[in-house]
Amino acid sequence: MSNISRATKLLTSEGIDAVLVTSPPNIYYFTQHQNIFPMVSGRYDAVIFLTHESKSVLVVDVEEGIGLFERPLSVDDIKFFGSFPFCFSDKLTPSELKFKKAFNKYITSPRTATEAIIQVIKEMGLEKSTIGVEKESIPFIIYEKISKAFPEACFKDVSTLLRHIRMIKTDWEVERIKLCSEINEKALKAVIETISVGVSVWELVKTYLAEVARHKARPLFYLIAAGRNSAHLIPTYREDYRIQDGDIVRLDVGCEYMGYCSDLSRTVAVGKLDVEKTRLREITVKGYYEVLKNLKPGIPINKVYAEAMSTVKKVIPDYQRRHVGHGIGLEVHELPIINSHQTGVLEKNMVINMETPYLKYGVGGFAAEDTVRITDTGVEFITGKYLERLINV
């Protein structure tokens, strides 16, 4: 499961009595509840986590209904808000019966998330406590009403602290990242097997989406481009470009499975590349891989950045890159960010991606990226099981 003991320790050390969690990744971290409503209707769920008791209450829209009772959640109580006219027959499953009881209780419950959060704070006796909030994600109107409702409480932004908590993964989290990464890599392998002269880029996109869906995962992004267009950071897919001999195909894709994310990139050579494309493709692999395979706990993060940049600049003197890697987990980009100003060192059970891509208009885009887990003595590769780093078709 998530590292709740680490969360409790770090939050308590900052004097936080309870934390109001409102971002979907952190709601999942504390409860294993995956909130979809912000993506479809602008409604928000929340969790109130009592630090000294490690007790959590999930505040959730009643429309999410029976799904809350059909999967395991790490919560002590559920508080509904909203309204929906559910009807029940006399023939109900055990999960449906649980939901019916909760629904009947909910009828007198608050109609908005704000009202429900205020009620839970009162029930927990937190009116004069220090409450952590995610100012980066909580809607301002909700925060304003809650802070006015409790003038004697102290509200403290814990957005960055929660990111630091999630930076170190548990074995349970690593296994889910592995599962998601395996789906992503297999889907990318299927895409690469589709690549040939005359095939359209959109056909590659469709292959990726179909493979991810076949494994019951959810696509997050699919940056797939070929030829000169591969230099475009974000492909538009406005032109149904067909692959030609001598092209490079840049593939950068990611999906989500069971709450956790994946991120993988490769550059495929179609036929024989010219000298410049060959040189650039090779250095974008060497730039990150030579550094990546030698990582271990205790290495300063900004030193990792410096070494990767130095390797690439030996071939591309004017190479520029704001970061050469990032943590990954409930979000594609998590701490640590591998850049020049990131403080701290690598720690055991960080899961990071490293990459040194290069985009050159008029030539093309070159990318390679892998995911590793930092172990006691080095790294464990999570990706690279099914795909080489230099691929030719």
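Going by the structure above, here's the rest.
Bear in mind the structure is a predicted one, so any value in this text is a computation, not a measurement. (Residues numbered from 1 in each chain as written. Predicted model: local features only at pLDDT ≥ 70, side-chain atom pairs only at ≥ 80, totals over all residues. Heavy atoms only, no water.)

1. Description of the overall build of the protein
Assigned secondary structure in the protein consists of eleven helices and 18 strands. On C-alpha atoms alone, the protein measures out to a radius of gyration of 24 Å, which is about the 21 Å that the 2.2 N^0.38 rule sets for 393 residues. In terms of overall dimensions, the protein has a C-alpha envelope of 70 × 50 × 35 Å along the principal axes. Counting the 393 residues in the protein, one finds 54% classified as buried. (Helix = DSSP H or I, 4+ residues; strand = E, 2+ residues; numbered from the N terminus. Rg over C-alpha atoms; globule rule 2.2 N^0.38 Å. Buried < 20%, exposed > 50% of the residue type's maximum accessible area, 1.4 Å probe, protein only.)

2. Regarding the sheet that holds strand E6 (residues 154–157)
The sheet built from six strands is open, its strands ordered E4-E3-E2-E1-E5-E6 with mixed pairing. Lying at the two open borders of the sheet, with one neighbouring strand each, are strand E4 (77–81) and E6. Going from strand to strand, the sheet's axes swing by 20° on average, the running direction of each strand aside. In this structure, strand E1 (residues 18–21) lies alongside strand E2 (residues 46–50), joined through four bridges in antiparallel fashion. Residue pairing for E2: Ala 18 is matched across the bridge by Leu 50. (Pairing = 2+ DSSP bridges. Axes fitted to C-alpha atoms, helices over the stretch in contact; angles between N-to-C directions.)

3. Topic: the side chain of Gln 342
Positionally, Gln 342 belongs in the loop between strand E12 (334–337) and strand E13 (351–355). A relative accessible area of 13% means that Gln 342 is categorised as buried. Engagement of the side chain of Gln 342 in a polar contact is seen with the backbone nitrogen of Ile 337, the distance being 3.2 Å. Leave out the neighbours within four places in its chain, and Gln 342 touches Ile 301, Asn 302, Leu 335, Pro 336 and Ile 337. (Polar contact = N/O pair within 3.5 Å; in protein donor to acceptor, adjacent residues only side chain to side chain. Contact = heavy atoms within 4.5 Å.)

4. Comments concerning the environment of Gly 378
Topologically, Gly 378 is positioned in the loop between strand E16 (369–374) and strand E17 (379–381). On the basis of relative accessible area, Gly 378 is assigned to the buried category, the value being 10%. Gly 378 sits 85 residues away from Lys 293 along the chain, and the two C-alpha atoms are 7.6 Å apart. Leaving out residues up to four positions away in the same chain, Gly 378 has contacts with Leu 295, Lys 296, Pro 297 and Arg 373.

5. Here's the deal with helix H6 (residues 140–149)
Among the residues making up H6, those that are buried are Ile 142, Tyr 143 and Ile 146. All buried residues of H6 lie within an arc of 95° about the axis, which places them on one face of the element. Across H6 from its buried face, at more than 90 degrees, point the exposed residues Phe 140, Ile 141 and Lys 148. Looking at the packing, one finds that the buried side of H6 touches E1, helix H5 (113–123), strand E5 (130–133) and E6. (Arc of directions from axis to C-beta.)

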